[in-house]
Amino acid sequence: MTLASATRRPATRTPDTGGRQRPVDHGAWFLVLPALIPILVLSVGPLLYGIALAFTDAQSGRTAPTRWIGALNFQDLLHDTLFWDSFRIGLLWAVGVTVPQFLLALGLALLLDQDLRLRPLARALAIIPWAMPEVVVGIMWRLVYNPDAGILNETLRDLGLGDGHDWLSGLGTALPAVIVVGVWAGMPQTTVALLAGLQNTPRELHEAAAMDGAGAWRRFLTVTWPALRPIALAITALNFIWNFNSFALVYVLTNGGPGGRTRLPMLFAYEEAFRYGQFGYAAAMGCVMVAVISVLLAIRLAGRLKGDEDA
């Protein structure tokens, strides 16, 4: 044996386990339990209970025991025109709020990303609607839309544009008026997300594009938007879910009126459960809403991801 072979480091080998899997470190589960338990108790548990409740005839104030009725609630939903009308209104509301919300937030984020003199103050003012509870926002905007002394009608009278209008009680103006409030209240969170994406975009890319003669619009299309696209996809999907499931803001503003023109699906399910006591039927509505929104979002995300792969 030579000195080189004697001092050569032996090669390491992977122990042969005979095709068996390595034992799981059960101690790691204790590290995730503090985060896992609240999710199971507050999210997964109520979801499973709501799904089970949808297959029963559970009602409030009923002395007889709750019976398992299978898919009868879902069969009734198929013929419930009021529910599907509220579902249509919910989709109009969600799209009508999410799209302007994103476009305005994108413009505001681009503005706040510039080297403004009072940029910290402007950023603080931009997130004020986000810090206000939805109930407070609804009460404030009810005062703005007040037909007699609201600031909107007073401004229109001063400009000679009419004697005012009852915005929240008009059949043709109630939904657009509520959409405006939804856009105003939800725009800050989208602005913050997009602004974070803009600040993570390397400045060198913009400088290089400017040196190549690219204008502001060209730099936005080739540098800014590719960096923002993943964030835009995520935030619009989340906004769509949040807006479709809105309750407090519309409840305070119109309570679903006038004539059901702003009755969102969540409001309809709330009335069925807590006004009429039909807990099983309301749970079936919730299951349908979750299923339909999940399918729509899955189709949208799959299409965007496919487009990114093709690109």
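Note that the structure is a prediction, hence the values are computed from the model and not measured.

Calculation notes
Counting starts from 1 at the beginning of each chain's written sequence and moves along it residue by residue. Where totals are concerned, whole chains, interfaces and linings use all residues; where local detail is concerned, this predicted model gives features only for residues with pLDDT of at least 70, and gives and counts side-chain atom pairs only at 80 or more. The side-chain numbers reported here are obtained from all heavy atoms of the structure, hydrogens and water having been left aside. The pairing test for Phe, Tyr and Trp rings, Trp by its six-membered ring, is centres within 6.5 Å, and the orientation test on the planes gives stacked under 30 degrees, edge-to-face over 60, and tilted for anything in between. Buried residues are those whose accessible area, probed at 1.4 Å on protein chains only, stays under 20% of the maximum for their type, while exposed residues exceed 50% and partly exposed ones sit between those limits. The helix and strand labels rest on DSSP assignments: H or I over at least four residues marks a helix, E over at least two residues marks a strand, and numbering proceeds from the N terminus. Between N or O atoms, a polar contact is any pair within 3.5 Å; within protein, one atom must be a potential hydrogen donor and the other a potential acceptor, and residues adjacent in sequence are included only when both atoms are from side chains. Contacts were defined at the residue level, with two residues in contact if any of their heavy atoms lie within 4.5 Å. When a carboxyl oxygen of Asp or Glu lies within 4 Å of a side-chain nitrogen of Lys or Arg, that pair is called a salt bridge. Think of a 1 Å grid over just the protein atoms. A cavity is a set of points where a 1.4 Å probe fits yet cannot get out, a pocket is an open set with protein on both sides within 12 Å along at least five of seven lines, and lining residues have an atom within 4 Å of a point. Grid points are joined across faces, edges and corners, and a volume is the space filled by probe spheres set on the points. Only Asp, Glu, Lys and Arg are considered charged in this grouping, and only Ala, Val, Leu, Ile, Met, Phe, Trp, Tyr, Cys and Pro are considered nonpolar; every other residue, Gly among them, is considered polar. Values of pLDDT, ranging from 0 to 100, describe the predictor's confidence in every residue of the model.

Draft legend 1. Representation of the packing of aromatic side chains within the structure. As enumerated under the stated definition, the model contains 17 aromatic pairs in all. Seen from their ring centres, Phe247 and Tyr251 are 5.2 Å apart, and the 15° between their planes marks the pair as stacked. According to the relative accessible area criterion, Phe247 is partly exposed, its value standing at 25%. Owing to a relative accessible area of 34%, Tyr251 belongs among the partly exposed residues under this scheme. For the pair Tyr270 and Phe274, a centre-to-centre distance of 5.3 Å together with 40° between the ring planes defines the contact as tilted. Placement of the pair is Tyr270 and Phe274 together in helix 13 (residues 265-275), with a separation of four residues, close to one helical turn. For Phe274, a relative accessible area of 61% puts it in the exposed group. An aromatic cluster of at least three residues, connected via ring pairs, comprises Phe83, Trp84, Phe87, Phe244 and Phe268.

Draft legend 2. Representation of the side chain of Thr262. Mapping Thr262 onto the fold places it in the loop between helix 12 (248-253) and helix 13. The exposure class assigned to Thr262 is buried, which follows from its relative accessible area of 1%. Polar contacts involving the side chain of Thr262 include one to the main-chain carbonyl oxygen of Gly257, which spans 2.5 Å. Discounting chain neighbours no more than four positions away, the residues touching Thr262 are Ile89, Ala174, Leu175, Val178, Val250, Thr254, Gly256, Gly257 and Leu267.

Draft legend 3. View of the pattern of salt bridges. If you walk through the whole model with that rule in mind, you get five salt bridges. With a shortest N-O distance of 3.2 Å, Arg67 and Asp57 are connected by a salt bridge. Linking Arg67 in the loop between helix 2 (27-53) and helix 3 (72-78) with Asp57 in the loop between helix 2 and helix 3, this pair joins segments that are 10 residues apart in sequence. In this structure, Asp113 engages Arg203 in a salt bridge whose closest nitrogen and oxygen atoms are separated by 3.2 Å. Here the residue Asp113 occupies a position in the loop between helix 4 (81-112) and helix 5 (119-126), and Arg203 occupies one in helix 10 (residues 203-211), the gap between them amounting to 90 residues.

Draft legend 4. How the structure looks around the layout of surface pockets. What the largest pocket holds in volume is close to 530 Å³. Along its surface, the largest pocket is lined by 18 residues, and Pro46, Gly50, Ala282, Ala283 and Gly286 are the ones closest to its centre. Those elements that provide at least two residues to the lining of the largest pocket are helix 2, helix 13 and helix 14 (279-310). If one sorts the elements of the lining of the largest pocket by residue count, helix 14 sits on top with seven residues. Here the residues of the lining of the largest pocket sort into 15 nonpolar, three polar and no charged. Sorting the residues of the lining of the second largest pocket by element identifies helix 10 and helix 11 (216-244) as the ones contributing at least two each. Grouping the amino acids of the lining of the second largest pocket by side-chain chemistry returns five nonpolar, three polar and six charged.

Draft legend 5. Main features of the environment of Ala234. Counting through the fold element by element, Ala234 comes out in helix 11. Note: C-alpha distance between Ala234 and Ala193 (41 residues apart in sequence) is 9.7 Å.

Draft legend 6. Broad picture of the confidence of the model for the chain. Per-residue pLDDT for the chain averages 84, and the proportion of residues at 70 or more is 89%. Low confidence marks residues 1-15, where pLDDT is under 50. Its contacts with residues over four positions away, or in another chain, come to one contact.

Draft legend 7. Up close: the environment of Leu91. Following the sequence through the fold, Leu91 ends up in helix 4. The class of Leu91 is partly exposed, set by a relative accessible area of 28%. Counting along the chain gives 153 residues from Leu91 to Phe244, while the straight-line C-alpha distance between them is 6.7 Å. In this structure, Leu91 is in contact with Phe240, Phe244 and Leu296, ignoring residues within four places of it in sequence.

Draft legend 8. Spotlight on the environment of Gln101. With respect to the helices, strands and loops of the structure, Gln101 is situated in helix 4. Separated by 85 residues in the primary sequence, Gln101 and Gly186 have C-alpha atoms spaced 6.9 Å apart. Residues contacting Gln101, with those up to four places away along its chain left out, are Gly182, Val183, Gly186, Met187, Thr190, Asn239 and Asn243.

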